[in-house]
Amino acid sequence: AQTVTQSQPEMSVQEAETVTLSCTYDTSESNYYLFWYKQPPSRQMILVIRQEAYKQQNATENRFSVNFQKAAKSFSLKISDSQLGDTAMYFCATAQGGSEKLVFGKGTKLTVNP
Amino acid sequence: DARVTQTPRDKVTEMGQEVTMRCQPILGHNTVFWYRQTMMQGLELLAYFRNRAPLDDSGMPKDRFSAEMPDATLATLKIQPSEPRDSAVYFCASGLRQGEAFFGQGTRLTVV
């Protein structure tokens, strides 16, 4: 069974600074996908970034990038130039190849301070 | 602007009543999910469909929950009878690429 662990229940960062959210996972599959989702107070779950495990290159979406360490089963999210609108819960998730089911971590609550 | 639409946004009901939640997936998406979010358990998959056929509903209490897709534009999740422990936010999501899911805004269900 797949598991996802987010060891930081809460984090805070000053506006314009950089913050990194940690995620480790466990899977026996060789083909899988990794995701970061953002859930602001509005409750909407928003896909931030997607990584295919067979790709060595780290995914990037504007100010969001990941550090994917396959051997260590680590998938951290870096947010550069943090903005007040980045304040949200962030969930790390994985899906194994051949199945669309997402397994989520417990989340990290990020607060961006002015 | 393509999005997953869920109704109602909030629902308060009495224990024992039937609850129906509806979802309109993004047009063209062939996979539809139902997730439940609680403080204690986090986000859990209840069921999912591909091309309207149920693929996995192992996360769903079978005695009171049912999920259906009457057509490609509508997915429903029913709880009958509802219990206080069913209080949660229920998300519908749809997708096309492997493992990708676009979520609706959720239905916050409160059973009193």
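Here goes a summary of the coordinates provided. (Residues numbered from 1 in each chain as written. Chains lettered and ligands numbered in written order. Predicted model: local features only at pLDDT ≥ 70, side-chain atom pairs only at ≥ 80, totals over all residues. Heavy atoms only, no water.)

1. Some words on the packing of aromatic side chains
Residues and elements named next belong to chain A. As enumerated under the stated definition, the model contains 13 aromatic pairs over all chains in all. Taking the centre distance of 6.4 Å and the plane angle of 20° together, the rings of Trp36 and Phe75 count as stacked. Taken together, the positions of Trp36 in strand E5 (residues 32-39) and Phe75 in strand E9 (residues 74-79) put the pair 39 residues apart, joining distant regions of the chain. In this pair, the class of Trp36 matches that of Phe75, namely buried. (Phe/Tyr/Trp six-rings, centres within 6.5 Å; stacked < 30°, edge-to-face > 60°. Helix = DSSP H or I, 4+ residues; strand = E, 2+ residues; numbered from the N terminus. Buried < 20%, exposed > 50% of the residue type's maximum accessible area, 1.4 Å probe, protein only.)

2. A word on the nonpolar core
Ranked by internal contacts, the top residues of the largest apolar core, which has 24 residues, are A:Trp36, A:Phe75, A:Leu77 and A:Tyr90. Elements that contribute at least two residues to this core include exactly strand E3 (19-21), E5, strand E6 (46-52), strand E8 (64-69), E9, strand E10 (88-96) and strand E12 (108-113) of chain A. Counting residues in hydrophobic clusters, the runner-up holds 22 residues, among them B:Val19, B:Ile26, B:Ile79 and B:Val111. (Core = buried A, V, L, I, M, F, W, Y, C linked by side-chain atoms within 4.5 Å.)

3. Some details on the interface of chain B and chain A
Each side of the interface is counted separately: chain B has 28 residues, and chain A has 21 residues. It is B:Leu43, B:Gln98 and B:Phe103 in chain B that bury the most area against chain A; as a group they hold 30% of the surface buried on that side. The tally of links from chain B across to chain A stands at 3 salt bridges. Here A:Arg50 and B:Glu100 are joined by a salt bridge, their closest N and O atoms 4.0 Å apart. (Contact = heavy atoms within 4.5 Å. Buried area = accessible area lost by both parts, 1.4 Å probe. Salt bridge = Lys/Arg side-chain N within 4 Å of Asp/Glu carboxyl O.)

4. Notes on the pairing of strand E4 (residues 31-38) of chain B
Residue and element names in this part refer to chain B. For E4, the tally of buried residues reaches 8 of 8 residues, placing the bulk of the element in the interior. Pairing of E4 with strand E5 (residues 42-50) involves 8 bridges; the strand directions are antiparallel. Considered in E5, the bridge of Thr31 is made with Arg50. Connecting E4 to the next strand, E5, in antiparallel fashion are 3 residues. Taken together, the 7 bridges between E4 and strand E9 (residues 88-95) define a ladder with antiparallel strand orientation. Among the inter-strand pairings, Val32 is bridged to a residue of E9, identified as Ser94. (Pairing = 2+ DSSP bridges.)

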